Amino acid sequence: MLSGFTSQREIDGTKMKLPKGVIFIFLALIFKVAVAGNSTKVYMLELEFEESVHENVTDLLKDHTQIDVNGSAIVTNITSTTNCILADKQKNCSCMTDYTWSEDICRNHACCKNENCEINVDDPAFCLSEKRVSINGSTILTNNSYNILVSNEPNKNMEEHKKMEQEVITMLKKIFSTLEYFDSLIINGYGRGSVIVYYTVQILGSVTPSQLVSIIKPLNDSELTTTGLVTIVGPEKQPIDIGSNANINCTPSTDLGEVRWYLTDVENKTTQITTGNEASFQKHGSNDSLHLGVISGSWKGTFTCVYAIGSIKHTASITLDIALLPEQIQAMSTPQFPDCTKEPKEVNIVIECIIPDDKENYTVTWTSGLTEQAPKIQKNGISYEAKMTIQCADKKENVTVDCTFTNNRATNNKARPQSVVIPIIQPTSAICEAEGDWPKAKSNHTAIKSCINSVGLIRRECKDRVWGNVISSCVNKELDLIQKRVENLNKGIGLMRDDAEVLFEGIQISSTSKTFNSYANINASVHLFKDMNNISMRQENPWNDPVLPNFVKSASNVLNDSKSWKNPKNDLTDLAVTYLQIMEEMVNNTNMSSTTSYKAENFELQSCNDSCKSFNASVDTDSGVIVVGFRNLYEIFPNLINGSIPNASIETTIMSVIPAKNTNSAQVVLKFNYSQNRLPNHDMYCVFWDETRNEWSSEGCVWGGVSNPEECRCDHNSAFTIMMAKDEITLPYMEELTYAGLGLSIVSLVLCLIIEILIWDTVVKSDISNFRHVAIFNICLCLLFAHIGFLASAEPKKLSGNWCSIITLVKHFFFLAVFFWMLCLSFLILHQIIFVFDHLRKKVFWGLSITLGYVCPVLCVAITFITFRNGEAGAYYSTKTCWLIYEGVLKGSMYAFILPVGTIVFINLFTLVVVIMKIVTPTMSEAKARDEKDVAKSMIKTIVFLSPVLGITWILGFFVMHLDLTQRPWAQIVNYTFTILNSLQGFFILLTNCVGEKKVRDALRKRFRGSKHTQSAHSKSESSTKETYTVKNK
């Protein structure tokens, strides 16, 4: 059929001898007419003729654009593709316009585009259309009869297998041969599951995407990948230098939609390319461009652009070769510090430069004078060594050696040097002596060691003859591999959604190893979290539920050892702040389901719509939030506190509350069990982490107070915790008021005692008067000694030996004695009111008063002293206050004072009420109508005169004990009132029971003036007073 178009150069075994000839290769397209439809086949036709008839032959072929072959086929599209000029043994061939050399010619003769190519006369040489298309496809065969195609190996030779395979080929050819320029279809293999057939179709001309869409419709569950419909162009001059820029452009023959880029690296791993630190995308019309900036060695490989329409992918690929340079050069000398203080006076040194094994062939040069050694392959790379000798006679302080790695394939960026400074220890050098594994080192230099079974270096500075801290940058090998993968993702190689689960699992496994707990590993992990989250947000791929379990475990594991968070350079834990901020950002970037919770030892993550608990804290909210609990983050978190918060510290769970997706920040109520440990009169502060100021702040948060100490209410969402002030609340000027009042009271009590002595004979004329003044005298005396003891313990730190214990005993005894004498006076008043006509005998009074006034206090003090470890400090008394200890409700030695005093005060209060009731209730002899003003005045006078000597004002002490100073302002009012009234108790006794009593004043006048008139007036006054007093006590 095609013999008319084929010229044979060999007839009957004899070659034609042409002085000079031309060979034309033609592409002919044959259409076959069949019942099922049209099919096509492409043939390559080779015509050989003399150069002189070149124009005649080409004109003839142009006229025959279509040839009918016996009605069964039509030959059309006869096109000249290749032009060859014959020589003796070679033919010089070139491709016609719009044609390029075939893949075989490119592979065997290095002629890849349309340049001239010399080929052996007998070798085939033909060019193909630039628009040729290759299709790799896969189709699922649903007929069970095709299962024989994926049976065991021996069955492949069976006739049935061959028959089925031929059926598949026929079926596929029947479909694909309907495309113009169809050339061939090859079965590449079969896959299991259902039966999947993999094949390659060659189309030696153009084809449209719409034609492929039509072709694939009859093929159920098929996928096609084409090359040829997209043109790809990259850097012409290769290899390109590392650190340079490169552009790769893809142009589809028609609009194919969005493009995706892929990189197949030198390890044959294919990864999608995204926007990153080194990759960006641009689109200009139909042209899609990938720009690589400051390119690194990670980009070495094959780039593929992919346009997908349904199950059809249109691709184009190009290889990018990069002239690499070592990413890292680890250089050091052995020994690090040559010692010229010993004999002999020369030191041999080995300098080592280690680089990663990147398979590049480098030329390594050294500073002149060194002896180069053969390279060695090690676990961590390739080691290059050189030797040199230090001559101590030169008296050099240091020597610098360079190792330079040169890549001769590069154009501009050819070399990367690394310097090694070798400090030489001279006899006059300051040094740090050898210590453990650390060698003798020259002062103000740093010693370096390689990490064992990890990546990095260990450094230790010798400064001013003193060794500094060991600073390790050793990172676990597993963690280092993860870092490199994340670095590639950051560059733009790969999608985080594809690698996230593996990366988090790797961090989780690495963080559970025994060697993990170091600052270098924790620092690397925290920054891995940060980089991964930045990549995730840049790619708009939030963290989904499958990755969260390993994320939570990883975030928890880095908190296992709080000691490892200290930066060895400065002993600070600022890394914890970065960790908290990154965790919040990552949680804010999650897409977790509303009912899920993830818990680990130190880290909990849960979605909360109403109330949820995390460790020893909980949160209540009306809107959806995500709650993150950090069990022990407070142990490492720096105590950065807003100036408005006094000295306080974090000692409990830190809880982050983050609004869920599509919700706004709302008020939250947090509860911290830690508040149960609050000390009395210590403020609690509900705080949040203010990222703007980088400190804890209480703005927008309110503590629930003493009534609800566990509660915090905040009007925003953030990271929260609760703090307790380290120092107890102090009231301003309280000490000044106390000591001023005590001073005045002491003076007043001394005056009162003097007055009592001066007027005793004049005033004390009856048993009742005697009993009363005896009680007042003893009250004043005991209160005087108690106040003196109080002043003596004003500065407990200055007291030495057992003085604090002695003063505590003195105060305890005399204050109790004061109240017991007040009780005696109270009993005296009650007796006079209740038993009007039954006078108290002196023996009874003195027996009762001495027993109550002094024996009872002695017993109380003695029993308390013995009970609390024989007066031991910290049990019986506090060395900070030289007073009894209060440890809570009914706890502490303080109750040996509170209980008797409380009982006495309430008995005395009862006495005061009885006296007032007596004043209010008229007797039978009194007129029925009494002046209410006189009654009110009598009541006020009674309260004012009796309160100081009965200790009524000490009732406020019970409020002081039970009112916490955080209960502002009532606690402050009560405390100031209590302090003022009771520090001035002696002064009030002087005013009410000495100076305020008329007969005392008259007695004083008589004492100092001695006038008869005054004496007479005094007698009348005394008679009147006795009468009044008797009336009041009836």
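Presented here is an overview of the structure given in this document. Remember, it's a predicted structure, so these values are computed and weren't measured experimentally.

### Quick word on the packing of aromatic side chains
Now for step 1: The final tally for this structure, using the stated rule, is 33 aromatic pairs.
Now for step 2: Relative to tryptophan 543, the ring of phenylalanine 504 lies with its centre 5.1 Å away and its plane at 70°, an arrangement referred to as edge-to-face. Of the two residues, phenylalanine 504 sits in helix α6 (residues 496-510) while tryptophan 543 sits in the loop between α7 (519-538) and α8 (548-557), which places them 39 residues apart along the sequence.
Now for step 3: Judged by relative accessible area, which is 1%, phenylalanine 504 ranks as buried.

### Details of the sheet that holds strand β38 (residues 466-472)
In sheet architecture, strand pairing relies on hydrogen bonds along the backbone and comes in two forms, parallel and antiparallel.
Now for step 1: One open sheet holds the three strands; their spatial order is β35-β37-β38, and the pairing between them is antiparallel. Each end of this open sheet is capped by a strand with a single partner; those strands are β35 (445-450) and β38. Each strand axis lies, on average, 20° off the axis of its neighbour in the sheet, ignoring direction.
Now for step 2: The pairing of β35 with strand β37 (residues 457-463) spans six bridges and is antiparallel. Across the sheet, residue histidine 445 finds its bridge partner in β37, namely cysteine 462.

### Some points on the nonpolar core
Soluble, globular proteins show a tendency: their nonpolar side chains are buried together.
Now for step 1: Core analysis: the largest hydrophobic core is formed by 69 residues, its most contacted members being Phe819, Leu825 and Phe897.
Now for step 2: The dominant element in this core, judged by the number of residues it contributes, is helix α12 (residues 803-834), at 18 residues.
Now for step 3: Not counting chain neighbours up to four residues away, the residues in contact with phenylalanine 897 comprise His812, Phe815, Leu816, Phe819, Trp883, Leu884 and Trp954.
Now for step 4: In this structure, Val486, Leu489, Ala500 and Trp696 belong to the second largest nonpolar core, which totals 61 residues.

### Some words on α6
Now for step 1: An ideal rise of 1.5 Å per residue puts 21 Å on 15 residues; α6 measures up with 19 Å between its terminal C-alpha atoms.
Now for step 2: By the burial criterion, the buried members of α6 are Met496, Asp499, Ala500, Leu503, Phe504, Ile507, Gln508 and Ser510.
Now for step 3: In this fold, the buried residues of α6 make contact with β39 (475-476), α5 (477-491), α7, α8 and α9 (575-588).

### Some points on the packing of helix α14 (residues 895-920) against helix α15 (residues 932-950)
Now for step 1: Running from amino to carboxyl end, α14 crosses α15 at an angle of 160°, the nearest separation of the two axes being 10 Å. Classified by the angle between their axes, α14 and α15 sit roughly antiparallel to one another. Between α14 and α15 the crossing geometry is right-handed. In this structure, α14 uses Asn908, Leu912, Val915, Ile916, Ile919 and Val920 to contact α15, whose residues at the interface are Val935, Ser938, Met939, Thr942, Ile943, Leu946, Ser947 and Leu950.
Now for step 2: Taken together, the residues of the contact of α14 with α15 sort by class into ten nonpolar, four polar and no charged.

### Section: the state of the cysteines
Now for step 1: What the rule picks out here adds up to twelve disulfides.
Now for step 2: Here cysteine 451 engages in a disulfide with cysteine 474; their sulfurs sit 1.8 Å apart. On the sign convention where negative means left-handed, the S-S torsion of about -85° between cysteine 451 and cysteine 474 marks this disulfide as left-handed. One end of the pair, cysteine 451, is in the loop between β35 and β36 (454-455); the other, cysteine 474, is in the loop between β38 and β39, and 23 residues separate them in sequence. Each member of the pair cysteine 451 and cysteine 474 is classed as buried.
Now for step 3: At a sulfur-sulfur separation of 1.9 Å, the disulfide partner of cysteine 686 is cysteine 712. Because the sign of the S-S torsion sets the handedness, a value of about -80° for the bond joining cysteine 686 and cysteine 712 places this disulfide among the left-handed ones. With a gap of 26 residues between them, cysteine 686 in strand β48 (residues 684-690) and cysteine 712 in strand β51 (residues 711-714) connect regions that are remote in the sequence.
Now for step 4: Owing to a relative accessible area of 3%, cysteine 686 belongs among the buried residues under this scheme.

Criteria and cut-off values
Residues numbered from 1 in each chain as written. Predicted model: local features only at pLDDT ≥ 70, side-chain atom pairs only at ≥ 80, totals over all residues. Heavy atoms only, no water. Phe/Tyr/Trp six-rings, centres within 6.5 Å; stacked < 30°, edge-to-face > 60°. Helix = DSSP H or I, 4+ residues; strand = E, 2+ residues; numbered from the N terminus. Buried < 20%, exposed > 50% of the residue type's maximum accessible area, 1.4 Å probe, protein only. Pairing = 2+ DSSP bridges. Axes fitted to C-alpha atoms, helices over the stretch in contact; angles between N-to-C directions. Core = buried A, V, L, I, M, F, W, Y, C linked by side-chain atoms within 4.5 Å. Contact = heavy atoms within 4.5 Å. Expected span 1.5 Å × (residues − 1). Parallel < 35°, antiparallel > 145°, perpendicular 65-115°, else oblique. Left-handed = near helix turned anticlockwise from the far one by under 90°. Nonpolar A, V, L, I, M, F, W, Y, C, P; charged D, E, K, R; others polar. Disulfide = S-S within 2.5 Å.

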